[in-house]
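# Overview (structure and organization)
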There are 2 protein chains.
Amino acid sequence: MAYRKTPAEIARLDAARERLVSCATEVVADVGWSQASVSAVADAAGIAAGSVYQHFPSKAALAVEVFRRAAGRELEVIGEVLHAPGEPVERLSRAVEVFARRALENRGLAYALLAAPAEPAVGAERLEFRRRYRALWAEAVREGMATGRLPEQNAEISAAALTGAIGEVLVDPLGAPEESAVGDLIAVLTTTALRCVGAPRD
Amino acid sequence: MAYRKTPAEIARLDAARERLVSCATEVVADVGWSQASVSAVADAAGIAAGSVYQHFPSKAALAVEVFRRAAGRELEVIGEVLHAPGEPVERLSRAVEVFARRALENRGLAYALLAAPAEPAVGAERLEFRRRYRALWAEAVREGMATGRLPEQNAEISAAALTGAIGEVLVDPLGAPEESAVGDLIAVLTTTALRCVGAPRD
DNA sequence: GAAAGGAGTGAACCATCATTCAGAACTTCC
DNA sequence: GGAAGTTCTGAATGATGGTTCACTCCTTTC
């Protein structure tokens, strides 16, 4: 046996894979899933098309990885905001704000994650992440009901409504290249979201 | 000139086109846009693949027609409910209910119209119809504000939130083949939708 | 330095469909 | 009936884009 991967070599391969994923993410954010061909992604990463298959068994697998990484980051951030100490309604409000701000700061990626047409494997992943978002929102809504700050309601349905409402309100601005009043939009969206779960009007 | 289309012939061609559109709609409702190939649709209509091009210049044109017909019907129904006489909030509530009931009665089609992956031309049409739904909801919300039954709010944003909330709440049940408590779901969804626009709790 | 084997290349391959087209079948009209 | 024109057919065509593979290049080990 005259060959065994040395640690440095393993690190180099990992780095290459990492670089591929991050370049692919950029391409997707720029041109969308449908235009992100294997060769476009490979070009962006500075490797040959065939080399993609050194790291992933198929284009779909790479796409899923890209989605999971990016969506996972966002979900984690929102989870942290929702699990921070403080009033449930306050945390909910902050989470909506953070979600919207991050989406509007990275529109291409946000659009790709939220709404852009994608192959079935990515679509399935999207459903899964929506489920997780719903679980997070639902938890917060239940806490709000427990502390009496939110009226009795079906937390699961409210969470779904929240997810849909936030997404739909953002989709239009995400398409436009430069929206005028981002701050206003975020404020109105937050108010609207709170109204959806029946938070008392201030 | 030894040939001119006779009225009967014109009627036959129109009927064939009609049949093609309706068969294509069924196929799309059954298997989704991505699986609705030209030959699958032609088979369903009992004609050859090539004959599709007698009626439509491209597959995309046929798909757009299918979408427009089906989505147009729904939009019209909702428009009628929202423009019927009565209290704005009452009409809004009824419209949400009708929308949900119709979607749940025709799940495959509803899913295709609302959420299923589709080619860009259909995606564009979907955006257009969402815009029209938003306009309808926004009008009702404005009327509600005018009569003092709804609190002051940005009607456009609320309408977008409503559209998103309703869609997202329905998407899951639309995927499941047989949901248990359709009536309950519709009732909860209606309540949630009204809460989103700040209707007074009853 | 040289053998052994993995990594990288990119042109060729292949599957999938939308689309076309030459001819068959049918309609109209004299 | 037959000429002229139209609709219909379905196999061939063509475009796209993911995947493979024979080959070159590089790294490891002795």
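In case you missed it, the structure is sitting above this.
To start, this report covers the structure provided alongside it. (Residues numbered from 1 in each chain as written. Chains lettered and ligands numbered in written order. Predicted model: local features only at pLDDT ≥ 70, side-chain atom pairs only at ≥ 80, totals over all residues. Heavy atoms only, no water.)

### Some points on the packing of helix 1 (residues 7-31) of chain A against helix 2 (residues 38-45) of chain A
All names here are of chain A. Where helix 1 contacts helix 2, the two axes come as close as 8 Å, and the packing angle between them is 120°. The orientation of helix 1 relative to helix 2 falls into the category oblique. The crossing of helix 1 and helix 2 is right-handed. Of the residues in helix 2, those in contact with Arg19, Leu20, Cys23, Ala24 and Val27 of helix 1 are Ala40, Val41, Ala44 and Ala45. (Axes fitted to C-alpha atoms, helices over the stretch in contact; angles between N-to-C directions. Helix = DSSP H or I, 4+ residues; strand = E, 2+ residues; numbered from the N terminus. Parallel < 35°, antiparallel > 145°, perpendicular 65-115°, else oblique. Left-handed = near helix turned anticlockwise from the far one by under 90°. Contact = heavy atoms within 4.5 Å.)

### As for the pattern of salt bridges
For the coordinates displayed, the defined rule picks out 32 salt bridges over all chains. When the shortest N-O distance is used, the salt bridge between glutamate 156 of chain B and arginine 142 of chain B registers 3.1 Å. With a gap of 14 residues between them, glutamate 156 of chain B in helix 8 (residues 155-175) and arginine 142 of chain B in helix 7 (residues 120-146) connect regions that are remote in the sequence. Among the charged side chains, a network of salt bridges with common partners joins Arg17, Glu18, Glu65 and Arg69 of chain A. (Salt bridge = Lys/Arg side-chain N within 4 Å of Asp/Glu carboxyl O.)

### Considerations on helix 8 of chain B
Residues and elements named next belong to chain B. Along its 21 residues, helix 8 runs 30 Å from first to last C-alpha, staying within 8% of the 30 Å computed at 1.5 Å per residue. Of all 21 residues in helix 8, 18 are buried, a share of seventy percent or more. Two or three places before glutamate 156, at the opening of helix 8, asparagine 154 has a side-chain oxygen 3.0 Å from that residue's backbone nitrogen. (Expected span 1.5 Å × (residues − 1). Buried < 20%, exposed > 50% of the residue type's maximum accessible area, 1.4 Å probe, protein only. Polar contact = N/O pair within 3.5 Å; in protein donor to acceptor, adjacent residues only side chain to side chain.)

### Topic: the relation of the copies chain A and chain B
Overlaying chain A on chain B yields an RMSD of 0.1 Å, the required transformation being a rotation through 179° with an accompanying axial translation of 0.0 Å. Here the two chains are linked by the operation of a two-fold rotation axis. Of the residues that chain A buries at the interface, 96% are likewise interface residues in chain B, meaning the two copies contact each other through the same surface. (Least-squares fit on C-alpha atoms with pLDDT ≥ 70 in both.)

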